[in-house]
Amino acid sequence: MTLRLLLVSLGVCVAASAQGFENRTFLAGLGAIDNTNGVAVADYDQDGDLDVYIVARRGYTPTDVRTWSRLFSNNGDGTFDDVTLAAGIQVVNGAAYEDTRNFGIQYSASWGDYDNDGWPDLFLGHVGPDQLFRNNGDGTFTDVTAEAGVSGGAAGGGYVTVSGLWFDPDHDGDLDLYVGSWWDYGPARDLSNRLYVNNGDGTFADVSEASGLDDPGATWMALPFDADRDGWTDLYLSTDTDTTTGDGVNKLYLNNGDLTFRDATAAYGLEDDNYGMGLAMADPDRNGLLDLYLTNVATPSRDQRNPLWLQTAPGVFADAAPEAGVDIADWGWGTEFVDVENDGDDDLIVVTGLFDPDYPNYLFRNQIETGTFGFARDTGAGFADSEAARGLVAFDYDADGDQDLLVSNVFRPPYLYENTADGGAWLDVELQGVASTRDGYGATVTAWVDGTPHLRLHHGAQYLAQNLAPVHLGLGTAAVVDSLVVAWPSGQVDRLPNLATSRRIRVVEGVGLGAPTAGERLPSSSGLSLTVGPTPFRDRVTIRVSADGTEPVRLAVFDVLGRRVHTAEAAGDGVFEWAPTRAAGAYLVRVTQGASVRTAQVVAVGR
């Protein structure tokens, strides 16, 4: 089908919608905190549901609970518990500085498994110093900032970190950290961004200047993707206008493959010199190429507009925002492509506002199902609140298969919007790297259905946050994905044919289907099924097998070199416990009964 851009006039919108959102903030237990910046999600306790970290804007004061950033554990029943104190996340920041810029003292939260042990770690960006908390795997965290070498400055320093991006630019299989600065209250007023390379031993090396990524602009956000399709991860920066210098040009830095980068912004037509804030990337026109959206101060009375750079051919971008109807979205901040109704196309969310509730949040519904690509604004979906919003994350908090929304607000609690749409089929894909990073950051996931690609890049980056969540694909009426293709940063490509939809799966690099988090049972077309958990594990893992008949079930465990390290046998159903005697790492569990075979991967971490 040849797609044309749909001209959407500024006055045309969807006045009402039967598919929308309901505010569940207080019912879910998230109403006790207000005045917030970043909101970030991950399954920090590996129990199978997504937990939330919310960043308070004010400088942290131990005696003032309004200044406490919070970790909320998902109870799995639609509610959350505040576990901040029990988790041991003790914030330190430059509270001595007056917030003269009015954007806060605490800013961002970024989840990433920097030590590849299977437990998400947490980086917090502040007005000096920043903090890194290592997940201990038992519900608690340890502040390892000093030993890791990623503080960014002495306590009380004026460097304002607004973004932390975990990614793997050198493709060595562990996560490096890119830190973006928007301001500096100190006398040096140094806004240079920083790149910390992971040494693999819990420490990082600052290679900012040598890499060429020490960009001096007022960076709000960094988004990693392979712009030139050479297999190396590049970076696009959204840059605010510096009120002192007047500069504010966004940048595309191409990765040279040797931990150095070069500016290629103009060559790719991705210049923008407005008040760049949030970035979002997806394939809303479904041509199999990733497109890029940027939020600015795009009100009707200003000359700024939000660009939507469609990738019309590999590495060729063209701004189609006016024709697509998404160039005006008021004072925009966080933004994300979200398939709200799981109909197989990506809708667009923009949250807005400065300090007064003058601007509503925006939901643009993708109209590609009409045969013509474009968006129409939906004002009746229960999302158009005017609350001076900042951060945004889309995630399935209630595990019902659709994407809910969490929005941070300046003067109100963060709003949790439950998605109540009558949606279509979907697939949630957890990624587990082996040669690539454990998180699988940088992998692309493409579900092919009747010749149409549904493409997502797994990066987690958001305005003021980075989220570690399964890749979500809305699939419309599809009962089966013809082929799921996962392309990993290592170069490994895994292809999984004929997958049933409306479920959550885990794809292990180089292996295929593995056991999802919390030991969910893998679907089986025969009588043999396999459940493993927990994974990752420290001491032992439980392997449960369900089988028809009395034919023996044989278990074998293999290490990454293919060596058999454990065997067992049961007559029919069986429960096995295995405690590895070898080093920590990934292991393949295989059970067989006659001609039937089931496999899963488990990860043992250091004791």
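Since we're looking at a predicted model, the values are computed, not measured.

Procedures and definitions
- Residues numbered from 1 in each chain as written.
- Predicted model: local features only at pLDDT ≥ 70, side-chain atom pairs only at ≥ 80, totals over all residues.
- Heavy atoms only, no water.
- Helix = DSSP H or I, 4+ residues; strand = E, 2+ residues; numbered from the N terminus.
- Buried < 20%, exposed > 50% of the residue type's maximum accessible area, 1.4 Å probe, protein only.
- Contact = heavy atoms within 4.5 Å.
- Polar contact = N/O pair within 3.5 Å; in protein donor to acceptor, adjacent residues only side chain to side chain.
- Pairing = 2+ DSSP bridges.
- Axes fitted to C-alpha atoms, helices over the stretch in contact; angles between N-to-C directions.
- Domains from an automatic or database assignment.
- Buried area = accessible area lost by both parts, 1.4 Å probe.
- Salt bridge = Lys/Arg side-chain N within 4 Å of Asp/Glu carboxyl O.

### So, the environment of aspartate 330
Here aspartate 330 is to be found in strand 24 (residues 330-338). By relative accessible area, which is 7% here, aspartate 330 ends up buried. Distance from aspartate 330 to aspartate 319, taken between C-alpha atoms, is 18 Å for residues 11 residues apart in sequence. The contact partners of aspartate 330, leaving out residues within four places of it in the chain, are Asn296, Val297, Ala298, Thr299, Pro300, Thr352, Tyr359, Pro360 and Tyr362. A polar side-chain atom of aspartate 330 sits 2.7 Å from a polar atom in the side chain of tyrosine 362.

### Quick look at the sheet that holds strand 17 (residues 251-255)
Pairing in this open sheet of four strands is antiparallel, and the strands run 15-16-17-18 from one edge to the other. Each edge of the open sheet carries a strand with a single partner, namely strand 15 (218-225) and strand 18 (261-263). Sheet twist, expressed as the average angle between the axes of neighbouring strands with direction ignored, equals 25°. Two elements, strand 17 and strand 18, share three bridges in a ladder whose sense is antiparallel. The residue bridging asparagine 255 from the neighbouring strand is phenylalanine 261, located in strand 18.

### Quick look at the domain arrangement of the chain
Taken as a whole, the chain is organised into domain 1 (21-419), domain 2 (425-456 + 471-513) and domain 3 (528-604). Relative placement of domain 1 and domain 2: their C-alpha centres are 24 Å apart. Listed as interface residues are 33 residues of domain 1 and, on the opposing side, 20 residues of domain 2. Buried surface at the junction of domain 1 and domain 2, summed over both partners, amounts to about 1900 Å²; 52% is from carbon and sulfur atoms. Area buried by domain 1 at its contact with domain 2 is led by Arg286, Asn342 and Gly401, which between them contribute 21% of it. For the pair domain 1 and domain 2, the number of links is two salt bridges. A salt bridge links aspartate 346 to arginine 456; the nearest nitrogen and oxygen atoms lie 3.0 Å apart. Remark: the boundary between domain 1 and domain 2 carries 10 residue pairs in polar contact (both at pLDDT 80 or more).

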